[in-house]
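Observations on the three-dimensional arrangement
So the chains spell out like this:
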Amino acid sequence: MNVSDTLINACVESASQPPLVTPEFEILSQFHVLIAMPFSTGKSLVAKSIPNAKICLNYTLPSMVGTIDKNGNIINSALKESAKGVFIIDEAHRLSSSSVDALLSLLEQGYYKRDLGYKVNGSLNITGDIEKDGYVLEPSENGFKIKVRFACIWFGERIYKFHEKAFLSRFFPLIIKPSRTDLEDFMMGKSFLYYKPLKLKFKQFKRKTTINKSNFELITKKVIEISRNYYFSDEDMGYIVRCRNQILKLAGHFCRIRGKLNISKADCQRAVKFIDICLRNYQLVKLTPLELKIYDGIVIDGKSGKQMSEELGITPQVVSEYIIKLKIKGYIKEEEKIVGSK
């Protein structure tokens, strides 16, 4: 199972799709992925290879969602250009607080309502196809409502930065930890982030993708079962529910690339293979930088406590104490690794 290319392709395919309907609720099909990896390791190269993608370079609210001046002139947004496509963001700290609120609303509900603080005079001066499929701007007397279908890929260096602004729960988290050899190969022109676009041309469906009750329960029960292997604090238990929704979206993606609208048991069984990756990465958001370094060294790189002591410049006793704490909380699962490379 190639994790990174599957998740990125799910973003690309889901961008223009109608909602997913389950026996209990309706959920947006748009699949968003957070890729946490070190700086200077080729994020921009990967971004440029993603089809139908727009890389965001300006993080102010007007540039993100657009605006309308007092005379009814529309100032277009980066999201308009990303309608039915992939919106790529790098570096969470660049977003203004108002942009954070707007993006959270768009990722969660598919729309954002903005009050301008002044009255718009007359009708809108529309140029071009402003109401293209996937993007709608609904003006009011002193504001507007934007509706847009898009998928989002967010690149960052540390996953806990996204937890601070409540973004993590909207994304499928993927932590990529390259080895020294990976970085050396990268400097020689070889990529370690595996991404291979699907050759088939994605079809935009007009009807909603549906999942029957038994398949819905299959995914839900599997998430509940696997989640018992992971530690979540009381305030973070909601990530288990979010994980179930991410797996549902993946099942919908696997269904649609077969050209179907009814999610099968096989689609669900393929999707549940990603539960461990999702839960494990959600689980890491509360680790301190030192805990995360020890976790990375022990779990990802397979190093010993002595090696970590020498690398971090702390005593073996301190390393052992951290390892014991991480094991008690369920953070260390020595038999598994979190990787996004091939």
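Here the structure is shown first, and the text comes after it.
Residues numbered from 1 in each chain as written. Predicted model: local features only at pLDDT ≥ 70, side-chain atom pairs only at ≥ 80, totals over all residues. Heavy atoms only, no water.

**Quick word on helix α14 (residues 316-328)**
Given a rise of 1.5 Å per residue, 13 residues ought to cover 18 Å, and the 18 Å separating the end C-alpha atoms of α14 matches this to within 8%. Along α14, the residues classified as buried are V319, I323 and L326. One side of α14 holds all its buried residues, which, seen down the axis, span an arc of 65°. For α14, the exposed residues set more than 90 degrees away from the buried face come down to Q317, I324 and I328. (Helix = DSSP H or I, 4+ residues; strand = E, 2+ residues; numbered from the N terminus. Expected span 1.5 Å × (residues − 1). Buried < 20%, exposed > 50% of the residue type's maximum accessible area, 1.4 Å probe, protein only. Arc of directions from axis to C-beta.)

**Digging into the nonpolar core**
Formed by 87 residues in total, the largest nonpolar core has its most connected members in V65, I153, I247 and L250. With near-sequence residues (within four places) excluded, V65 lies in contact with S77, L79, A102, L106, Y112, Y135, F144 and I146. Judged by nonpolar contacts, the second largest core, of 15 residues, contains M308, V319, I323 and I332. (Core = buried A, V, L, I, M, F, W, Y, C linked by side-chain atoms within 4.5 Å. Contact = heavy atoms within 4.5 Å.)

**What to know about the pairing of strand β12 (residues 172-175)**
Every second residue of β12 is oriented toward a common face, with F172 and L174 on one face and P173 and I175 on the other, all of them buried. Here strand β3 (residues 33-36) runs beside β12; their pairing, made up of four bridges, is parallel. The partner of L34 across the bridge, within β12, is P173. (Pairing = 2+ DSSP bridges.)

**A few points about the environment of M308**
Among the secondary structure elements, M308 is positioned in helix α13 (residues 305-312). For the pair M308 and V319, spaced 11 residues apart in the sequence, the C-alpha separation amounts to 7.2 Å. Those residues in contact with M308, other than ones at most four positions away along the chain, are K293, I294, G297, I298, K303 and V319.

**A few points about the packing of helix α9 (residues 238-256) against helix α11 (residues 275-283)**
Axis separation between α9 and α11 bottoms out at 10 Å; the angle between their running directions is 145°. Judged by the sense of rotation from one axis to the other, the crossing of α9 with α11 is right-handed. Touching Y239, I240, R242, C243, Q246 and I247 of α9 are I275, C278, L279 and Y282, all from α11. (Axes fitted to C-alpha atoms, helices over the stretch in contact; angles between N-to-C directions. Left-handed = near helix turned anticlockwise from the far one by under 90°.)

**What to know about the sheet that holds strand β13 (residues 209-211)**
Pairing within the open sheet is mixed, and its four strands lie in the order β2-β1-β13-β14. Edge positions in the sheet fall to β2 (26-27) and β14 (262-263), since each has one partner strand and no second. For strand β1 (residues 20-21) and β13, the ladder comprises two bridges, and the chain directions are parallel. Bridge pairing in β13 places L20 opposite T209.

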